Amino acid sequence: MSAGAGPQASLGSPAAPAGGALLEINNLEVIYDEVILVLRGLSLAVPEGQLVALLGSNGAGKSTTLKAITGLLRTEHGEVTEGTIHHAGDEITQADTSDIVRRGLSLVMEGRHVFEHLTVRENLICGGYTSPGTVEERLATVEEYFPRLSERRAQQAGYLSGGEQQMLAIGRALMAGPSLLMLDEPSLGLAPLLVAEIFQIIQRLNRDLGTTVLLIEQNAKRALSIADHAYIMENGRIVLEGEAAELADNPDVKEFYLGMGESGRRSYRDVKHYKRRKRWL
Amino acid sequence: MQTFIQLTVSGLANGAILALAAVGFAIIFKATGVINFAQGAFMAVGAYMVYTAIADFGWAWPLAIAFAALIAILLGMGTERFILRPMVGESAISVIMVTIGLAFFLEASLQFQFGTRPLRMAPFIPEGTVLILDVPLPLNRLIAIGLAALVLGAVGAFFRYSRNGIAMRAVADDQQAALTMGISVRRIFAMAWGIAAVTAMLAGVLVANIQGVSGNVALFGLLVFPVVILGGLDSIGGTIVGGLIVGLLIQYTAGYLGGGLQQVVPYILLVFILMVRPYGLFGEVRIERV
Ligand SMILES: Nc1ncnc2c1ncn2[C@@H]1O[C@H](COP(=O)(O)OP(=O)(O)OP(=O)(O)O)[C@@H](O)[C@H]1O
Ligand SMILES: [Mg+2]
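Residues numbered from 1 in each chain as written. Chains lettered and ligands numbered in written order. Predicted model: local features only at pLDDT ≥ 70, side-chain atom pairs only at ≥ 80, totals over all residues. Heavy atoms only, no water.

Visitor: Describe the site of ligand 1, with residues and values.
Guide: Residue and element names in this part refer to chain A. Taken together, 16 residues surround ligand 1, and among them Asn58, Lys62, Ser63, Thr64 and Gln218 come closest. Within the contact set of ligand 1, an oxygen atom lies 3.3 Å away from a backbone nitrogen or oxygen of Ala60. Contact between ligand 1 and Thr64: an oxygen atom at 2.5 Å from a side-chain N or O atom of the residue. Sorting the residues of the shell around ligand 1 by element identifies β2 (36-46) and α1 (62-70) as the ones contributing at least two each. Tallying contributions element by element places α1 first for the shell around ligand 1, with three residues. Taken together, the residues of the shell around ligand 1 break down into four nonpolar, seven polar and five charged. (Near = heavy atom within 4 Å. Polar contact = N/O pair within 3.5 Å; in protein donor to acceptor, adjacent residues only side chain to side chain. Helix = DSSP H or I, 4+ residues; strand = E, 2+ residues; numbered from the N terminus. Nonpolar A, V, L, I, M, F, W, Y, C, P; charged D, E, K, R; others polar.)

Written out as structure tokens, the structure reads:
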């Protein structure tokens, strides 16, 4: 499961854009059904080896961003109409999902999406579809990270508990040996104890395996606690970014995302326009 | 007792062939959601291709089967690529109409080319009878059962153990998630149609070996519908059980009741099943967890 050779080999090639991050999104605009404008010039970068969090309220366009990166938009009548996505210096804006997976980009979709009628083991085998030669070796690594999956190997995935399904979804993505793992709300609907366990595992994947992680979360506090860097998005664009630790201390973030402000929880949308300008631009 | 055993063997032979014809239908429906009314026509094409290769080209039958398999793969994958892929997003009824149209087109083309008179090809499965427990049984039927079982076993193993077979079931479960595994849904669809056409071809050849080569091969293929309705449209195991039940039912009706009743009995069963158990005996029920 070493993140060795392969996809990263082309890192730092002359074609790499200025920043040279593993993943770079520039001015991305996404439209659904030819009229619904969802991303309005979103830019972000994920440097190799880092754990980057992408936060934002419901409907901000976080999942859409991940669908754009992985080429899934076309399955939902969505389209990138402006801007670029680069991976390791190569443009992948209009690439096929299967090519993107082969490059080492794996997505764990919001809502788990395990193959219900397949066994746990078969789900994992599907995860290794693009690299059949290493399935056995990776199965061992995944089962070491998720001992519960090895206990339930032969069980139909549809009958796993929500937490086990989330572990399976993450384990399945790891089977492709990704250099960049994208997780869409992995803590959704899980009990606090399980949330802690999942976050610990994500952190280990980043630190021990060297997997670069792009993490989307509603649970901003926890996400900031394990992330290196974070972006906050509203209405289809990034409104704030910075070191995760700094953001966790930012008064506005505290107020609107961590629920610690005097005025309690409110949407970021409610902040007066001038205040946003002053603080963040 | 002797009649019973003979009817049973004939019924099992027909049933095994039916299962073989129906398994492709189930594979296409499960993986791509398309109801393929051209499955019987695929069988007829297979039978005529083998006939052509043996009678006209003078080839040995293994070569003839390989030739027919190649044509079947081209036909199946071509149907997916040029007829069904452009129809993605159209209503289910339009898709059904298109496969019905394809069936008529294929059957008419065969008639145009080969005429309507039944053709006899030298049977490649040895004829004759064998005595089992003192009952004389037709050898060709026993061999047909064995061959069908072999092919069905291979199909089952493909879905259970092979990487592409598992991926095909994954696509059936959740296409978007399958895409995120790097599985090419298009390739899987093409594969499903290819496998379905080849199994249909083999079923067609087995029918032709017993009944001769004619439009009746496609007619036999109509029985696929009671089979899959009985077994569950998307269940591979179900098509085997469904095929055997329908095959036996036809033979027992013909043997004990007669009077042509065997022609309608499968369809009476079809209507009955639709009334009491619309997803068939083994159809997949969605998993509901709370
Ligand atoms: N397939 C689609 N067709 C049309 N509109 C869509 C589609 N998918 C998402 N949208 C719209 O795009 C906007 C952003 O959706 P998205 O799923 O990206 O938000 P999100 O930030 O992931 O939200 P959440 O936190 O609720 O998951 C929403 O207003 C949503 O209604
Ligand atoms: Mg989302």
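Visitor: Summarise the interface of chain A and chain B; cite the residues concerned and give the values.
Guide: Listed by partner, the interface residues are 29 residues for chain A and 23 residues for chain B. Taking both sides of the interface into account, the surface hidden between chain A and chain B amounts to around 2,500 Å²; carbon and sulfur atoms contribute 59%. When the area that chain A buries against chain B is broken down by residue, the three leading residues are Phe115, His117 and Tyr129 of chain A, summing to 31%. Note that Glu122 of chain A and Arg169 of chain B form a salt bridge whose closest N and O atoms lie 2.7 Å from each other. (Contact = heavy atoms within 4.5 Å. Buried area = accessible area lost by both parts, 1.4 Å probe. Salt bridge = Lys/Arg side-chain N within 4 Å of Asp/Glu carboxyl O.)

Visitor: Talk me through a negative patch on the surface; I want residue IDs and the actual numbers.
Guide: Negative charge collects at one region of the surface, where Asp228, Glu243, Glu246 and Asp249 of chain A lie side by side. Following the sequence through the fold, Asp249 of chain A ends up in helix α9 (residues 244-249). (Patch = residues over 30% accessible without salt bridge, like charges linked within 9 Å, V, L, I, M, F, W, Y side chains within 5 Å. Areas by Shrake-Rupley, 256 points an atom, 1.4 Å probe, with all protein chains shown as cover. Lys, Arg positive; Asp, Glu negative; His and termini not counted. Charge placed at Lys NZ, Arg CZ, Asp CG, Glu CD.)

Visitor: Requested: an account of unusual backbone geometry, with residues and values cited.
Guide: All names here are of chain A. Positive phi outside glycine occurs at Ala88, with the angle close to 50°. Here Ala88 is to be found in the loop between β4 (78-87) and β5 (90-91). Not every positive phi belongs to a glycine, and Asn235 is a case in point at roughly 50°. Locating Asn235 in the fold gives a position in the loop between β9 (229-234) and β10 (237-243). For Asn235, a relative accessible area of 37% corresponds to the partly exposed category. (Buried < 20%, exposed > 50% of the residue type's maximum accessible area, 1.4 Å probe, protein only.)

Visitor: Quick one: what's the story with the sheet that holds β2 of chain A, residue by residue and with numbers?
Guide: Residues and elements named next belong to chain A. Judged by pairing direction, the sheet is antiparallel, and its four strands sit side by side in the order β2-β1-β4-β5 without closing on themselves. In the strand order of this sheet, the two ends are held by β2 and β5, each with one partner. Pairing of β4 with β5, which is carried by two bridges, proceeds in the antiparallel orientation. Looking across to β5, one finds that His86 is bridged to Glu91. Of the strands in this sheet, β1 (23-32), β2 and β4 touch α1, which is tilted by about 110° from β1. (Pairing = 2+ DSSP bridges. Axes fitted to C-alpha atoms, helices over the stretch in contact; angles between N-to-C directions.)

Visitor: Give a description of the packing of helix α2 (residues 39-56) of chain B against helix α3 (residues 61-84) of chain B that names residues and reports values.
Guide: Residues and elements named next belong to chain B. Contact geometry of α2 with α3 gives a least axis separation of 8 Å together with a crossing angle of 145°. In the crossing of α2 with α3, the sense of the turn from one axis to the other is right-handed. Facing Phe42, Val45, Gly46, Met49, Val50, Ala53 and Ile54 of α2, the residues of α3 in contact are Trp61, Ala64, Ile65, Phe67, Ala68, Ile71, Leu75, Gly76 and Thr79. The residue makeup of the contact of α2 with α3, split by class, is 13 nonpolar, three polar and no charged. (Left-handed = near helix turned anticlockwise from the far one by under 90°.)

Visitor: So what's going on with the packing of aromatic side chains? Residues and values would help.
Guide: Counted according to the given criterion, the structure contains 10 aromatic pairs over all chains. A centroid spacing of 5.5 Å and a plane angle of 85° characterise the contact between Phe25 of chain B and Phe225 of chain B, whose relative ring orientation is edge-to-face. On the criterion of sequence distance, the pair formed by Phe25 of chain B in helix α1 (residues 2-32) and Phe225 of chain B in helix α10 (residues 224-231) is long-range, its members being 200 residues apart. Residue classification places Phe225 of chain B among the buried positions, given a relative accessible area of 16%. A centroid spacing of 6.4 Å and a plane angle of 70° characterise the contact between Phe42 of chain B and Trp193 of chain B, whose relative ring orientation is edge-to-face. Here Trp193 of chain B lies in helix α8 (residues 185-211) and Phe42 of chain B lies in helix α2, a separation of 151 residues in the sequence. For the pair shown, Phe42 of chain B and Trp193 of chain B are each scored as buried. An aromatic cluster is defined as three or more aromatic residues linked by ring pairs; in this entry it consists of Phe4, Tyr252 and Tyr256 of chain B. One residue, Arg172 of chain A, lies across the ring of Phe115 of chain A, its end atom 4.6 Å from the ring centre. (Phe/Tyr/Trp six-rings, centres within 6.5 Å; stacked < 30°, edge-to-face > 60°. Lys NZ or Arg CZ within 6 Å of the ring centre and 35° of its normal.)

Visitor: Residue-level account of the confidence of the model for chain A, with values.
Guide: Residues and elements named next belong to chain A. Averaged over all residues, the pLDDT of chain A equals 86, while 85% of them reach at least 70. Across residues 262-266, confidence stays below pLDDT 50; counting only partners more than four residues off in sequence or on other chains, it has six contacts. Counting contacts from residues 271-281, a segment whose pLDDT is below 50, to residues more than four positions away or on other chains yields 14 contacts. (pLDDT = per-residue confidence, 0-100.)

Visitor: Go over the coordination of the magnesium ion (ligand 2) with me, naming the residues and quoting the values.
Guide: Residues and elements named next belong to chain A. All of the protein donors around the magnesium ion (ligand 2) are Ser63 (OG) and Glu110 (OE); their distances to the metal are 1.9 to 2.1 Å. Taken as a pair, Ser63 in helix α1 and Glu110 in the loop between β6 (105-108) and α3 (120-127) lie far apart in primary sequence, 47 residues in all. In this structure Ser63 comes out as buried when scored by relative accessible area, which is 17%. Assessed through its relative accessible area of 33%, Glu110 is described here as partly exposed. (Donors = N, O, S within 2.8 Å, 3.2 Å for Na, K, Ca; no water.)

Visitor: Outline the pairing of strand β7 (residues 180-184) of chain A, listing residues and values.
Guide: Residues and elements named next belong to chain A. Taken across its five residues, β7 has five buried, putting it largely inside the fold. As defined by bridge partners, β6 adjoins β7 across four bridges and the pair is classed as parallel. Looking at β7, one finds that Ser106 is bridged to Leu181. Two elements, β7 and strand β8 (residues 212-217), share five bridges in a ladder whose sense is parallel. Within β8, the residue paired with Leu183 across the bridge is Leu215.

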